Amino acid sequence: MADAGQGFIPPDAQAIVQMGYVVPDLNRAIVHWSTTLGIGPFTVSGEIIIDDARYRGEPTDVDLVIAVAQAGTLQVELIQQNNDVPSCYRDLFPADRGGLHHVAVRTTDFLGQVARYQAMGCPTAFCGRHQGRHFAYMDTSASLGIMVELLEAAPTDSSVTPA
């Protein structure tokens, strides 16, 4: 059997910092996670503003509400999409279903890591800027069953776009 990790170098040798779950009902999911695993408290976002949001290279106006909580050093993110536009969330789950959608890692070489995933055949499914930092969901679903979200470790020039 071949070594499954052969040739793989994690982005910036960083640990996974977040697990993101798509949920059809955010409030029910918060209660479930809190009562089942004792995780919380969750902080629920207001309107999520994403600058230069792109789904598979095209502008998008995906409407999201999220809740986050820490589980030790790992952040748990619950994501509810409120509209029916195509999105990386709907790529994996229809509106009435949910589950593990992505793991996230921080990177100090954001564009370099985007290029690395693209070179491995994993296209950018969704990208933009949130609170001044770039993010990109790399579509690793064919090999991992989930996506990988790259999070820019520090804000950079806002003109940078990881198409």
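Going by the structure above, here's the rest.
These numbers were taken from a predicted model, which means no experiment stands behind them.

Quick question: what am I supposed to make of the nonpolar core here?
Among soluble globular proteins, nonpolar side chains are generally buried collectively. Ranked by size, the top nonpolar core spans 19 residues in total, and within it Ile50, Leu64, Cys88, Tyr89, Phe126, Phe135 and Tyr137 carry the most contacts. At the level of elements, β5 (64-71), α2 (88-92), β8 (124-130), β9 (133-138) and β10 (147-152) are the ones that each hand at least two residues to this core. If near-sequence neighbours (up to four positions away) are discounted, Phe126 is found in contact with Ile50, Ala53, Arg54, Tyr55, Thr60, Val62, Cys88, Tyr89, Phe135, Ala136 and Tyr137. Residues Leu26, Ala29, Ile39 and Val76 belong to the second largest nonpolar core, which totals 13 residues.

Would you explain the pattern of salt bridges in this entry?
If the charged atoms of two oppositely charged side chains come close together, the side chains can form a pair. Counted according to the given criterion, the structure contains 3 salt bridges. A salt bridge links Asp52 to Arg54; the nearest nitrogen and oxygen atoms lie 3.4 Å apart. On the basis of relative accessibility, which here comes to 34%, the residue Asp52 falls in the partly exposed class. Judged by relative accessible area, Arg54 falls into the partly exposed class, the value being 23%. When the shortest N-O distance is used, the salt bridge between Arg56 and Asp139 registers 2.7 Å. Note that Arg56 is positioned in the loop between β3 (51-55) and β4 (58-59) and Asp139 in the loop between β9 and α4 (141-144), a separation of 83 residues in sequence. Here Arg56 falls in the partly exposed class, since its relative accessible area comes to 34%.

Honestly, the layout of surface pockets in this entry has me stumped. Any pointers?
Taking a probe equal in size to a water molecule and rolling it over the atoms shows the remaining empty space. Of the volumes computed, that of the largest pocket is approximately 640 Å³. For the lining of the largest pocket, the secondary structure elements donating two or more residues are β2 (43-44), β5, β6 (74-81), β8, β9 and β10. The element that contributes the greatest number of residues to the lining of the largest pocket is β9, accounting for 4 residues. By residue class, the composition of the lining of the largest pocket is 13 nonpolar, 7 polar and 5 charged.

Rules and cut-offs
Residues numbered from 1 in each chain as written. Predicted model: local features only at pLDDT ≥ 70, side-chain atom pairs only at ≥ 80, totals over all residues. Heavy atoms only, no water. Core = buried A, V, L, I, M, F, W, Y, C linked by side-chain atoms within 4.5 Å. Buried < 20%, exposed > 50% of the residue type's maximum accessible area, 1.4 Å probe, protein only. Helix = DSSP H or I, 4+ residues; strand = E, 2+ residues; numbered from the N terminus. Contact = heavy atoms within 4.5 Å. Salt bridge = Lys/Arg side-chain N within 4 Å of Asp/Glu carboxyl O. 1 Å grid on protein atoms, 1.4 Å probe; cavity = no way out; pocket = protein on both sides within 12 Å on 5 of 7 lines; lining within 4 Å. Points joined across faces, edges and corners; volume = space filled by probe spheres on them. Nonpolar A, V, L, I, M, F, W, Y, C, P; charged D, E, K, R; others polar.

None of the figures reported here should be taken as evidence of function without further support.
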